[in-house]
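What follows is each chain in one-letter form.
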Amino acid sequence: MRLTYPFVSAVALGLILTRAAHAQPARLHAEIDRRTEAVLPKVVAWRRDLHQHPELSSFETRTAALVAEHLRALGMEVRTGVGGTGVVGVLKGGRPGPVVALRADMDGLPVTELTDLPFKSTVRARYNGQDVGVMHACGHDNHVAIAMGAAEVLAGMRDQLPGTIKFIFQPAEEGHPEGGGGAERMIADGVLENPKVDAIFGLHVWPGPARSIGYRPGPTMAASNSYSVVVHGRQTHGAAPWNGVDPIVTASQIVVGMQTIVSRQVNITEVPAIVTVGAIQGGVRNNIIPDSVVMIGTIRTFEPRQRALVFESVRRTAEQIAASAGARARVVIDSGYPVTYNDSTLTQRMVPSLTRVAGRDVQIQPLVTGAEDFSYFQARVPGLFVFLGVTPRDQDWRKAAANHSPYFFADEAALPTGVRAMASLAVDYLLAPKR
């Protein structure tokens, strides 16, 4: 006769299951690290190739073809032409589970590269009717290479994954020629559906010690809105200004008046705001006061009420200063990019993943007044957008050339951290219990 002890057996079984549950993430983390090391030479090669062959927003055909070929070789379901030149790869795990997306933007900028890299860009293209140099001055070459590396890492682990990973390679983050950004167009083409995405992660290379990671819950990058002001005066001879209304002087007064919006009308102790005039165009000859002047600029805010206040202040300032001079001002403010807002619950949930990858080099990111159309994805599903430091460790990152500079440089020592971070965020989200 054999005696059994159900209570003891249940406890023992519980311990076994608990240990197994803890062992699985550790085993997968170790596999991510091993596979990242193996794929790293490819990631470096992809990054250099992409850096040498940048493409402007909405013209990322070569980049998209490279990405699509790689994803197909990994056995994924691949869609091309999403939102223009976008590419989407779907990796189905060995068991049912949530759907997580990893996003990388692909476009370069109309910037002539001035670095001395052996793989520097010499590409030229037409932009706004001008012949311009093209450069990955914002580091999107790194984003694509990192995501391609993460795709290869995770494809080799698919049987162990409970769920689906969607790889989103997005065009035109820097802005579509017809307005807006590539994220909007990809969403309109159903990128977050079939299968429906439960959470999305993105990464951006940034000035900071190489291999460091910055994150911030809540508002992280600013809402961005372009605006134009057309000042209508009355053309006359430059020698007799009293016979007309001078829109150049009026526009100058509007520029000065706009400086008081942030300094005197917005409570910047809550969150910062920016109103910048980027260009003024008017007149063709030294002795002719023109009929009109065009001003363009950008507005950056972090909170809806603040944004509405700044919009109203810009309109009021331009219109009333113009009226005081006998001119008229027509103000147009576009819809722009929303605030890049990291879901607080998701962020808290994923901090351990970032800490495992970067250790003590994980820091809270200060507010960034730059903007990102990743915000459109976050407006529909919970999202987390993080920053990967790429300044060489022997340099002061505070003095390093920043994104959009012709001297911007990304240390390739940060690439494995990027691959591990993106792969770990995806795996840990799929493994973690729902909250």
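First, a word on scope: everything that follows refers to the structure included in this document. (Residues numbered from 1 in each chain as written. Predicted model: local features only at pLDDT ≥ 70, side-chain atom pairs only at ≥ 80, totals over all residues. Heavy atoms only, no water.)

Helices and strands together make up the secondary structure of the protein chain, namely nine helices and 18 strands. On the principal axes, the C-alpha backbone points of the protein chain span a range of 115 × 50 × 45 Å. Taken over 435 residues, the protein chain has a buried fraction of 51%. Across the protein chain, every contact between residues at least 6 apart in sequence was considered, and the portion connecting residues at least 24 apart equals 82%. (Helix = DSSP H or I, 4+ residues; strand = E, 2+ residues; numbered from the N terminus. Buried < 20%, exposed > 50% of the residue type's maximum accessible area, 1.4 Å probe, protein only. Contact = heavy atoms within 4.5 Å.)

Here strand β3 (residues 95–105) lies mainly inside the structure; eight of its 11 residues are buried. Sheet analysis places β3 next to strand β7 (residues 199–209), joined by four bridges and oriented parallel. Note on β7: the bridge partner recorded for Leu-102 is Phe-201. (Pairing = 2+ DSSP bridges.)

It is at 8 Å that the axes of helix α3 (residues 140–155) and helix α9 (residues 415–431) come closest, and there the two elements cross at 55 degrees. When the interaxial angle is binned, α3 and α9 end up oblique. Between α3 and α9 the crossing geometry is right-handed. Contact with α3, carried on its side by Asn-142, Ile-146, Gly-149, Ala-150, Val-153 and Leu-154, involves Leu-415, Gly-418, Val-419, Met-422, Ala-423, Ala-426 and Val-427 of α9 and no other residues of that element. Classifying every residue of the contact of α3 with α9 by side-chain character gives 10 nonpolar, three polar and no charged. (Axes fitted to C-alpha atoms, helices over the stretch in contact; angles between N-to-C directions. Parallel < 35°, antiparallel > 145°, perpendicular 65-115°, else oblique. Left-handed = near helix turned anticlockwise from the far one by under 90°. Nonpolar A, V, L, I, M, F, W, Y, C, P; charged D, E, K, R; others polar.)

Here β7 lies mainly inside the structure; 10 of its 11 residues are buried. Here β7 runs beside strand β18 (residues 383–391); their pairing, made up of eight bridges, is parallel. Opposite Pro-209, over in β18, you have Thr-391 as the bridge partner.

For the rest of this paragraph, the subject is the sheet that holds strand β1 (residues 77–82). Judged by pairing direction, the sheet is mixed, and its eight strands sit side by side in the order β1-β2-β6-β3-β7-β18-β8-β17 without closing on themselves. Of all the strands in the sheet, just β1 and β17 (362–364) have a single pairing partner and so form its edges. Each strand axis lies, on average, 25 degrees off the axis of its neighbour in the sheet, ignoring direction. Bridge analysis of strand β8 (residues 213–215) against β18 gives two bridges, and the strand direction is antiparallel. Opposite Ile-213, over in β18, you have Leu-388 as the bridge partner.

With that out of the way, let us pick up the sheet that holds strand β10 (residues 223–232). Pairing within the open sheet is antiparallel, and its four strands lie in the order β12-β14-β10-β15. Only two strands of the sheet have a single partner each, and these edge strands are β12 (274–281) and β15 (328–333). Sheet twist, expressed as the average angle between the axes of neighbouring strands with direction ignored, equals 20 degrees. The sheet contact formed by β12 and strand β14 (residues 292–301) spans seven bridges and is antiparallel. Counterpart to Gln-281 in the pairing with β14 is Val-294. In this fold helix α6 (residues 304–324) packs onto β10, β12, β14 and β15, with an angle of close to 160 degrees to the strand it touches most, β15.

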